[in-house]
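Listed here are the chains, written in short residue letters.
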Amino acid sequence: MYVRSLEFKNYRNLVDNKIEPGEKINVFYGNNAQGKTNVLEVLWLFCGGHSFKGAKENEFIKFGEKFAKIKATFFSQNREQEAEIIFNNNRKEVVINGVKKNSSASLIEKFNAVVFSPEDLTLVKRGPSARRRFIDSAICREKLRNAIVISKYNQTLNQRNALLKDIYRHPELRDTLDIWDDTLCSLGAKIIFQRLSYIDKLSSDAEKYHYGISDNTEKLQIVYSSNCSAKFGDSEQEIFEKFSEYLKKSKKDDIQSGLTNIGPHRDDFNIIINGRKAKVFASQGQQRSAVLSLKLAEANVLSELTGENPVILLDDVLSELDNKRRDFLLNKIKNYQVFITTCELSEEEGLKNGKKFLVKEGNIT
Ligand SMILES: Nc1ncnc2c1ncn2[C@@H]1O[C@H](COP(=O)(O)OP(=O)(O)OP(=O)(O)O)[C@@H](O)[C@H]1O
Ligand SMILES: [Mg+2]
């Protein structure tokens, strides 16, 4: 899919305007605080209505105004489509192809995008919870049912943990643990199975992109790390058995700590560059490149799933990257419409196939 036009009225600091992006790379450049990220935020809102900045809806409305309106025309599912979102009084009105919709969820089927924002660097830098969120939101996009499985797993986990704390004081309750364990392992095995298969799809594409970004000097590996030794190729039943076995072994520890120490809620995936953990050894530019490779790979997996190439939104990616890496992002990403924001774009950098937009005090020219 690609966006043909984008219109906004009373949107944050942006001056009312209609822009027509190109089908390949679009670069929004300008000084700090001019409105570049706001443009990407508008695009992302068409994916289902939430800001990647985590902002509340009333914050989109320009200071002193009563409503904000954004509109996009885009080519997707072999036809021209149109979506409009109006933010008014903490309410949101969504109109798709002239038809009013009750919820913005209906946008998800129409408009696909993948976003990189500087906060995504936590994927490499921080602890495992950001990585689990990334992978779980990906598997939920693949199958809506996975969201239900994850939520039931978390409920079961909470109940098991509550019981563990009770057992510490009332050891006679110990036998009741088995009731939860079976449910926990069966739901957990489903989650681990889906995650392993997603990582398998993601990792080969991420490796290719990373070779591209690093001019063939760095091998990127994404390796799922399961605390019950589950691995890609195991059936769901095999994972269930491994999980059950490890859970049994950790029963004593679990009772002592009052927590469940085994399960997908404690799993992680490792991001490895040239054989070493990126979190520990990678430079800033390498970390950024690895996250970008992950995001671009995410776009590939999504396009296989939906049959449409998502739009790629890259907020402030170019900083910390050397010329070769910048050149890859500006000129070598094929098959996708890309929107990039950056403070500086030198003339000699040469955007071969793209369109440039200067963003100044909310004006886009
Ligand atoms: N509701 C609003 N009404 C008016 N202005 C707003 C509103 N919300 C945010 N702004 C302003 O929009 C400006 C531009 O924000 P934006 O994040 O798009 O900047 P940017 O060009 O991406 O800058 P940087 O290069 O620093 O990332 C900010 O100065 C912010 O104060
Ligand atoms: Mg910005």
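Quantities reported herein were computed from a predicted structural model and do not represent experimental measurements. (Residues numbered from 1 in each chain as written. Chains lettered and ligands numbered in written order. Predicted model: local features only at pLDDT ≥ 70, side-chain atom pairs only at ≥ 80, totals over all residues. Heavy atoms only, no water.)

**Q** Explain the pairing of strand β4 (residues 67-76) to me, using residue names and the numbers behind them.
**A** Strand direction decides the pairing type here: strand β1 (residues 2-9) and β4, joined by seven bridges, are antiparallel. Its bridge partner lying in β4, V3 is registered against F74. Pairing of β4 with strand β5 (residues 79-88) involves ten bridges; the strand directions are antiparallel. Residue pairing for β5: F67 is matched across the bridge by N88. The hairpin turn running from β4 into β5, its antiparallel successor, is two residues long, and Q77 in that turn takes a positive phi close to 50°. (Pairing = 2+ DSSP bridges. Helix = DSSP H or I, 4+ residues; strand = E, 2+ residues; numbered from the N terminus.)

**Q** Quick rundown of the layout of surface pockets? Include the residues and the values.
**A** Quantified by volume, the largest pocket comes out at close to 930 Å³. Going through the elements one at a time, β8 (113-116), α3 (122-125), α4 (128-142) and α10 (284-306) are the ones with two or more residues in the lining of the largest pocket. The element that contributes the greatest number of residues to the lining of the largest pocket is α4, accounting for six residues. Grouping the amino acids of the lining of the largest pocket by side-chain chemistry returns eleven nonpolar, eleven polar and seven charged. Lining the lining of the largest pocket are residues from two domains, each supplying at least three of them: domain 1 (2-112 + 308-364) and domain 2 (123-281). (1 Å grid on protein atoms, 1.4 Å probe; cavity = no way out; pocket = protein on both sides within 12 Å on 5 of 7 lines; lining within 4 Å. Points joined across faces, edges and corners; volume = space filled by probe spheres on them. Nonpolar A, V, L, I, M, F, W, Y, C, P; charged D, E, K, R; others polar. Domains from an automatic or database assignment.)

**Q** Please provide a residue-by-residue account of the site of ligand 1, values included.
**A** The full set close to ligand 1 counts 16 residues, and A33, G35, K36, T37 and I61 are the nearest of them. In this structure, a nitrogen atom belonging to ligand 1 sits 3.0 Å away from a main-chain N or O atom of E59. Expressed as a share of its isolated accessible area of 660 Å², the protein-covered part of ligand 1 is 74%. When grouped by side-chain class, the residues that make up the shell around ligand 1 number four nonpolar, seven polar and five charged. (Near = heavy atom within 4 Å. Polar contact = N/O pair within 3.5 Å; in protein donor to acceptor, adjacent residues only side chain to side chain. Areas by Shrake-Rupley, 256 points an atom, 1.4 Å probe, with all protein chains shown as cover.)

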